[in-house]
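Examination of the molecular architecture
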Amino acid sequence: MKYSMNWLKRYIEFDTPHTELFERLSMTGSEVEGFKEKFEDMENVVIGKILKIEAVPDSDKIRYCSVTDGKEEYNVVCGAPNIKEGDVVPFALTGARLPGGMKIKKTKIRGLESQGMMCSKKELGMGADHTGIFILDEKYALGSDFKGYFNDIVFEIEVTPNRPDLLSHYGLAREVGALVRKKPNPVPRDEEIRGKYESPVKVEVRAPEACTRYALLYVKNVQNSPSPPEIREALESMGMTSKDLLVDISNFNLFEGGHPTHFFDADRIAGKIIIRFAAENEKCVTIDKEERTLTVSDLVIADEEKVLAIAGVIGCLGSEVTENTVNIAIESAVFTPSFIRRTKQRLGIDSDAAYRFERGVDPEAPLASLGRIVYLLKQYTKFESLGNIVDTLRSAYSHPGIIVKNETLERILSVKLEPERICEILSYLSFKCEKLINGDFRIGVPSFRAADMKHEYDVIEEVGRIYGYAQVEPKRPYIRSPAGLNPYFSFKEKVRNHFVSRGYLETLNISICDEDAFKAYGYTGDFTKVVNPLNQNLAVLAPSLFPRLIGVLVKNMKYNPSSLKLFEIGNVFGGKSETEVVSLVLYGNYFDENWASRKKTLECDLFTLKGEIAAFFDLTGNTAEFGECSEPFYTAGSACSVLLNGEKIGHFGIIEKSRIGSKRVPRSVAAAEFSLKPLFKCEDDVYTGYSVFQKASRDITMVFPAGVVSGDIMKTLKASAGRDLKSAVLFDIFEIPKGGTALTFRMTFQSSKKTLSDSDIDSAVGAVIKKLKERFNAELR
Amino acid sequence: MKEFEQYRTNSLERIEKIKDPKELEQLKNEVLSRKGRLASFMTLLPGLPPEEKRSLGAALNSFKEEFTEKLNAKAESLNGVSAYKPSSVDITMEGFPFSSGRRHLINVTYDKILGIFRAIGFSIVEGPEVEDDHNNFEGLNFPPDHPARDTQDSFFLDNGLLLRTHTSPVQVRVLESSKPPIAVVSPGKCYRRDPLDASHSFMFNQTEGFLVDENIGVADLKGTIDIFIGEMFGKGIRSRFRPHFFPFTEPSMEVDMECIFCKGKGCGVCKQSGWIEIMGAGIIHPSVLESAGHDYKKYSGFAFGMGVERIAMLKYRVGDMRIFFENDLEFLRQFR
Ligand SMILES: [Zn+2]
C-alpha cells in the first residue's frame, strides 16, 4: 500500500529521518519497497508576495507585477486573473525547475522583461487546477523554500497478507508507534451517535455467515459539495482524484482507518436493504459501467427490487450518490473474507474495498467508521439530522486471549528475554500482556489483530520481529538424523556425468509448452492440460522431451554446427502420470571435424545411436533389448524400441525429416528417450572372479540367404557355442553378387578351468557352423 | 644393383668429408634433385624382373632416408645451430576432436547447493511436480480462499491437480511419512503464473530445506544459513534476517546477504541498499507439524527455500533469468 508521510504524521509525531524510519520498518516486517518525494524535481521555488500590479497597454489579459521574495523585487509578467496586490504566492525564481522538467528563464513578453514566474497548482504538479495562481496563506515566511511547507514523501510498503491492520495510515501509525515507543493520537470522532428517529431504511441480513456485521446510518438532507483542500490533497497523495465531499469522505476514512464504507443515495433504495446471495445469472451494472453476471456464491447488497452493490467489492449504478442526492444511507459492515475473495477473483475486480475485506477488517470498525464520518460531515458540510444506527451485531468483540509459554518463546527465538521487555514490546503493539505466576504470559489481543492472532507462535513472532533477529546468536545445528544417501539421486548424477563426459551438452527446457509442437511429432490426445494457461501457446505439459531438444537444435542452427549432441533429464507428463526420462538428440557427425577426425567422423546414424544406448545400458548394469518401433516421428525402418525385461521403456531412431518443421536442418537428426526409474538398480554388483587362462579368437564367415537377420543368427550362435564362449561380435558384412549376405563373426573363447586347446576351440566352432547351416541354410565361405 | 651399392657407400662417405656448406648443397642436388642419381636409379625399376624390382626399390628407399638424415645432421653441425627438425610426427598438430560436454548451469548450481547441505548432514528427497492442493497449500497452512495464495499463483491442470508452486510440498510428504529427527533438502522444478521476464519465469528451480528435532529455534536456522552463504559466496559475508510472512513458517523471515558486488556499500544490483535477498525462511508453523501428526510442543523445526536461478544469477553473474531456458549453445558451453 502507498502511504503519505504528511498523512501519517497527523496521527503520530516523530523526528526519526525518513530513511531511518523506512529501514526500521523493513527490519520489523513492513518492507518499504520505494518512496518518492513529491517535489523531487522542484528547485528554487520560494514563497513570494505581490507588491504591485500594473496594467499593460493594449492587453486586457496580461499584467505587469512586482513580486518580492523578502529581499529583492522582481518584475513578472502574469496572465492569471485571480491575483491581487498583497497575495502570497509560490514564486519560481529565474533558474528554477518545476515538476515535469520545465525550467524558468528570463524572458521578454511584449517587450517587458519577466524575471521568474508565479505558479498555478498544475505547474507545481499539485493537481489539474490551472485556472489561476495558487494563492497561499500569509503565514509562510517570504523567501523560504516552497517545498519546505508543501513537500510530502509517498512510500510504498509490501503489506504481508497477515497484517490487514496495516492497510491504513492509522494502522501504520500504530506500528510506527511500536518502533518509536509512542502511542498514536486518537482519531477525532463522534463517539456516540444519537439518532432522532428510527432509521427509515431497514436492514435484513439473509446471509449471516458472509456478513457478520452490518451497520447503517441514515443522514437526512445532507449538502454535497467539493472537498476541502486537506481532504483533496490527502486523496491526491494516494493517486486518487477528488470527486465530491461524500465520496471523498468515504475514501478518506478508508485510507485513514482501513475500513471500506459505502454511501447510498437513500431515496433510490426501494424498501429495505437485504444482504443476500445473488441468484444464478442475476445481473447488475457496476459503477465502472460493466455488466456483471453473478452467481449463487456472490454476496450482494440489494433492496427489494435490485442489486445495489456487490458486497465488499464494488457498487452498482442506480443507487450511487450524485450531485442531486439529498438523503444518504451509509453502509459500515464486516464481510467474511473468503466470500469476498471468491467473488473478487471470479469477476477480476481489484478494488481497495475488496483488498481489505478479503484480508479481514477490524470487527469493531463499523461504529468507529460511522463516528468518524459523522465527525467529518459536521466539520465540512451541513445536514439536517441522523437516524438511529442500525447494527446487526449479535455479540460484542471478545478474544479469549493467548497463553504464551516462556519456555516456547525461549526455544523458538533462541533468546532469554526479561518478562518486562516482552510485555513492553507487546503493549506498544496494543496487546495486553499479563505475567503469570509460573513465568508464562496471558496476552490480550486487540480487535484489529484478531484475524491474525490465533496461536502462541503468532505472539512469539511479534516479540521476535520487534526485538530483532540480529540479536540472536547463530548456532551450528547438530543434526541427529543420519544423512540418507538417496541412491536414485546419485544414479541420476552418474547418468548426467556419463553423457557429459561423452560430449553431450545438457539443456534445460520449460515443461509447459505448445500443444502444436507435439502434434507435429504425431502426439495426440492424453496431454495433461493447463486449465489457466498464461496464453494458448503454453497450455500443455510436455509429453516427451526430445521434441524440445530438437527445438533447441533448430534454434542453434544459426551457428551451423557440424556436430551437436544434446541431452536432458526431466519429467514428462500424460494424464495423471509423471515420468522421469533422459532424452538425447544427436545431429550431424558424432565428432567435430579436424584433420584427425576427417576420415573417422561418424555420421550419427541409427547404429551410432544404438551403440550409444547399449553403452549407456551397460553403465547402468542393464542389458538392452531392442524391438520393432512404429513411433510416427521416426523414419520407417530406422528406429527401435528399448525394452527392459520385456517392458517398453523408451525408443530411439532417426527423426522423420518432415516432423522437424524447419528447413534449416540439412542433416539427419537422431533422437532417443527412455525412462530412468526402471534402469535404476539398488543392489550393488558382487565380485564374480575372472579366468586366468588364455583367450583365443576365431572368425567364421558364412553366407546367409536373404531375409535372415543377424540378431537371430547371433542368438543361435551363442546358444550353440558352448559355455566357453566369452563373447561374439558381428565383425564384418558384405553382399554376395550371386545372392545372399556374408557375415563374419568373431568369437572369443576362454575357459575358467584350463587353457583351451586348438581342438577344444575347433569343436566349439564346428558346432556353431553345423547349427547355422541347419538353422539358416548358411554356407561356409 | 651392384652399381647402386657402390654409389651408396661412396655418397655416404662423401658427406662425412665435406667441410663447407656449399659443397654439401652440391652433393644434395647431385643425389636428391629431380634429375639426380637417385631419380635415375628409379627409372631403371620398371624394366627389372619382379624379384629384383622389389629388392632394389626397398634399397633405394632406405638409402634415401639414411642419406637425408646424415645430410641434415652434417648441415646442422656445419652451421653450428640446431635448426628446427621436423620429425616424421608433427606433435604440434591438434589431437582428435573429442569434446567434453557440459552440465547445465542450473545443475552446476544445484550440485554446489546440495553439496553444502549434504556435508552438514541433510538428506536429499525429491517430490513430484504435479501435486494436489493438500500438499501444496492446505498442509502448509494456506487456508482455501486466503490472500496468501496470491503470492503463489498456480497453474491448475485438467486432471484436477496443480503444478507445485514451491518445493515445500515435499516437506508435507516427508513430515507425514517419517519421524523426527528429520533433516532434508529437496531440489526441483516449480511453477508460478508469472510471465517470463528478466527476473521471473513461470518455471523455476527451488531448493527447500528443513530440520525438525527437539529444541530447534532461530539460532539453528541462522547458523545453518550462515554456513550456506559462507560456502557458496565466501566466508565472512554477512547475513540479515528480516521479518516477513509465509503461512507455513512462524516466525517467518527473508534472508538478505551483504551485496557481493559492492561489499555492502550500495550499487545498482542491490538498489543501493547493500543487501541482496536470497531466500525465505522461518520456524515451521505448529499447524504444519500438527497436521502431519507431530507434537509441536515437543518438536520444532526450521525451513528455508531458495530460488536456484537467483543463486546462479548472483554466483555466476547472469543478468537475465531467461538465459537459463534459451539453451543457446554459447551459453551452454560456458560453464563446466
Ligand atoms: Zn551492491
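Residues numbered from 1 in each chain as written. Chains lettered and ligands numbered in written order. Predicted model: local features only at pLDDT ≥ 70, side-chain atom pairs only at ≥ 80, totals over all residues. Heavy atoms only, no water.

**Examining the overall build of chain A**
Within chain A, the secondary structure is distributed over 19 helices and 39 strands. Here the C-alpha atoms of chain A give a radius of gyration of 42 Å, more than 25% beyond the 28 Å that 2.2 N^0.38 yields for 781 residues. By its C-alpha atoms, chain A is 130 × 80 × 60 Å across when sized along the principal axes. By residue count, 53% of the 781 residues in chain A fall in the buried class. Of all intrachain contacts in chain A linking residues separated by at least 6 positions in sequence, the fraction that spans at least 24 positions is 68%. Of the accessible surface of chain A, which amounts to about 36700 Å², a share of 49% is contributed by carbon and sulfur atoms. (Helix = DSSP H or I, 4+ residues; strand = E, 2+ residues; numbered from the N terminus. Rg over C-alpha atoms; globule rule 2.2 N^0.38 Å. Buried < 20%, exposed > 50% of the residue type's maximum accessible area, 1.4 Å probe, protein only. Contact = heavy atoms within 4.5 Å. Areas by Shrake-Rupley, 256 points an atom, 1.4 Å probe, with all protein chains shown as cover.)

**Some details on the interface of chain A and chain B**
In this assembly, 94 residues from chain A lie in contact with 96 residues from chain B. Between chain A and chain B, a total of about 8100 Å² is buried, with carbon and sulfur atoms accounting for 58% of that surface. Aspartate 213 of chain B is paired through a salt bridge with arginine 480 of chain A; the nearest N and O atoms lie 2.6 Å apart. Taken together, chain A and chain B are joined by 44 residue pairs in polar contact (both at pLDDT 80 or more). Per-element tally for the side of chain A that touches chain B: the top contributor is helix α13 (residues 487-501) of chain A, with 9 residues. (Buried area = accessible area lost by both parts, 1.4 Å probe. Salt bridge = Lys/Arg side-chain N within 4 Å of Asp/Glu carboxyl O. Polar contact = N/O pair within 3.5 Å; in protein donor to acceptor, adjacent residues only side chain to side chain.)

**Comments concerning the coordination of the zinc ion**
All names here are of chain B. The zinc ion binds to the protein through Cys259 (SG), Cys262 (SG), Cys267 (SG) and Cys270 (SG); the donor distances cover 2.2 to 2.3 Å. Coordination geometry of the zinc ion: the 4 donor atoms subtend angles of 100 to 114° at the metal centre, consistent with an arrangement described as tetrahedral. Counting along the primary sequence, the residues that act as donors to the zinc ion give the motif C-x2-C-x4-C-x2-C. The same class applies to cysteine 259 as to cysteine 267, namely buried. (Donors = N, O, S within 2.8 Å, 3.2 Å for Na, K, Ca; no water. Tetrahedral: all angles 85-135°; square planar, octahedral: opposite > 155°, others 65-115°.)

**Comments concerning the nonpolar core**
Counting residues in hydrophobic clusters, the biggest one holds 199 residues, and the most contacted among them are Ile512 and Ile655 of chain A together with Phe228 and Phe324 of chain B. For isoleucine 512 of chain A, the residues in contact, after removing those within four places along its chain, are Val530, Leu538, Ala539, Val540, Leu541 and Arg548 of chain A together with Phe155, Leu163, Tyr191 and Phe202 of chain B. By size, the runner-up hydrophobic cluster in this structure holds 41 residues, among which are Val201, Tyr218, Ala302 and Ile340 of chain A. (Core = buried A, V, L, I, M, F, W, Y, C linked by side-chain atoms within 4.5 Å.)

**Re helix α4 (residues 50-79) of chain B**
Residues and elements named next belong to chain B. An ideal rise of 1.5 Å per residue puts 44 Å on 30 residues; α4 measures up with 43 Å between its terminal C-alpha atoms. Residues of α4 that are buried include every one of Leu56, Gly57, Ala59, Leu60, Phe63, Phe67, Leu71 and Lys74, and no others. In this structure, the buried side of α4 is in contact with α1 (2-17), α2 (21-32) and α3 (37-44). (Expected span 1.5 Å × (residues − 1).)

**Focus: unusual backbone geometry**
Trans is the common state for peptide bonds, and a negative phi is the common state for residues other than glycine. With omega at 0°, the peptide bond leading from proline 180 of chain B into proline 181 of chain B counts as cis. Within the fold, proline 181 of chain B resides in the loop between α7 (169-177) and β4 (182-191). At the junction of glutamate 250 of chain B and proline 251 of chain B, the peptide bond is cis and its omega measures out at -5° in the coordinates. Here asparagine 281 of chain A, not a glycine, exhibits a phi torsion of approximately 65°, which is positive. Residue class for asparagine 281 of chain A comes out partly exposed when judged on its relative accessible area of 48%. Even without being glycine, serine 414 of chain A reaches a positive phi, approximately 55°. Structurally, the position occupied by serine 414 of chain A is in the loop between α10 (406-413) and α11 (419-428).

**Thoughts on the pattern of salt bridges**
Residues and elements named next belong to chain A. Considering all chains together, one arrives at 63 salt bridges over all chains under this definition. Here aspartate 758 and arginine 698 are joined by a salt bridge, their closest N and O atoms 3.8 Å apart. Taken together, the positions of aspartate 758 in helix α19 (residues 758-776) and arginine 698 in strand β36 (residues 696-704) put the pair 60 residues apart, joining distant regions of the chain. By relative accessible area, which is 25% here, arginine 698 ends up partly exposed. In this structure, aspartate 760 and lysine 754 form a salt bridge, with 2.9 Å as the shortest nitrogen-oxygen distance.

**Here's the deal with the state of the cysteines**
Residue and element names in this part refer to chain A. Inspection of the entire model under this criterion finds 1 disulfide over all chains. Covalent S-S linkage joins cysteine 423 and cysteine 433, the inter-sulfur distance amounting to 2.2 Å. Since a negative S-S torsion denotes a left-handed disulfide, the cysteine 423-cysteine 433 link at about -60° is left-handed. One end of the pair, cysteine 423, is in helix α11; the other, cysteine 433, is in strand β24 (residues 432-435), with 10 residues separating them in the sequence. Owing to a relative accessible area of 22%, cysteine 433 belongs among the partly exposed residues under this scheme. Cysteine 629 carries a free sulfur, and the closest cysteine sulfur to it, the one in cysteine 640, is 7.4 Å from it. (Disulfide = S-S within 2.5 Å.)

**Some details on the side chain of aspartate 213 of chain B**
Within the secondary structure, aspartate 213 of chain B is located in strand β5 (residues 203-214). The buried category is assigned to aspartate 213 of chain B, whose relative accessible area is 4%. Within the local environment of aspartate 213 of chain B, its side chain forms a polar contact with the side chain of arginine 480 of chain A, the two groups lying 2.6 Å apart. Excluding residues within four positions of it along the chain, aspartate 213 of chain B makes contact with Arg480 of chain A together with Pro181, Tyr299 and Ser300 of chain B.

**Here we look at the packing of aromatic side chains**
Residue and element names in this part refer to chain A. Throughout the structure, instances matching the rule amount to 50 aromatic pairs over all chains. Ring geometry for tyrosine 11 against tyrosine 170: centres 5.5 Å apart, planes inclined by 75°, an arrangement best described as edge-to-face. You can see tyrosine 11 sitting in the loop between α1 (5-8) and α2 (18-26) and its partner tyrosine 170 sitting in helix α4 (residues 169-180), a full 159 residues away along the chain. Classification of tyrosine 11 as buried rests on a relative accessible area of 4%. A centroid spacing of 6.0 Å and a plane angle of 90° characterise the contact between phenylalanine 518 and tyrosine 523, whose relative ring orientation is edge-to-face. Grouping aromatic residues by their ring pairs yields a cluster made of Phe39, Phe134, Tyr140, Phe146, Tyr149 and Phe150. (Phe/Tyr/Trp six-rings, centres within 6.5 Å; stacked < 30°, edge-to-face > 60°.)

**Re the pairing of strand β12 (residues 211-220) of chain A**
All names here are of chain A. Within β12, 8 of the 10 residues are buried, leaving the element largely enclosed by the surrounding structure. Two elements, β12 and strand β20 (residues 328-335), share 8 bridges in a ladder whose sense is antiparallel. Bridged to tyrosine 214 within β20 is alanine 333. As defined by bridge partners, β12 adjoins strand β22 (residues 390-391) across 2 bridges and the pair is classed as antiparallel. The residue of β22 that forms the bridge with alanine 215 is aspartate 391. For β12 and strand β21 (residues 385-386), the ladder comprises 2 bridges, and the chain directions are antiparallel. Looking at β21, one finds that valine 219 is bridged to leucine 386. (Pairing = 2+ DSSP bridges.)

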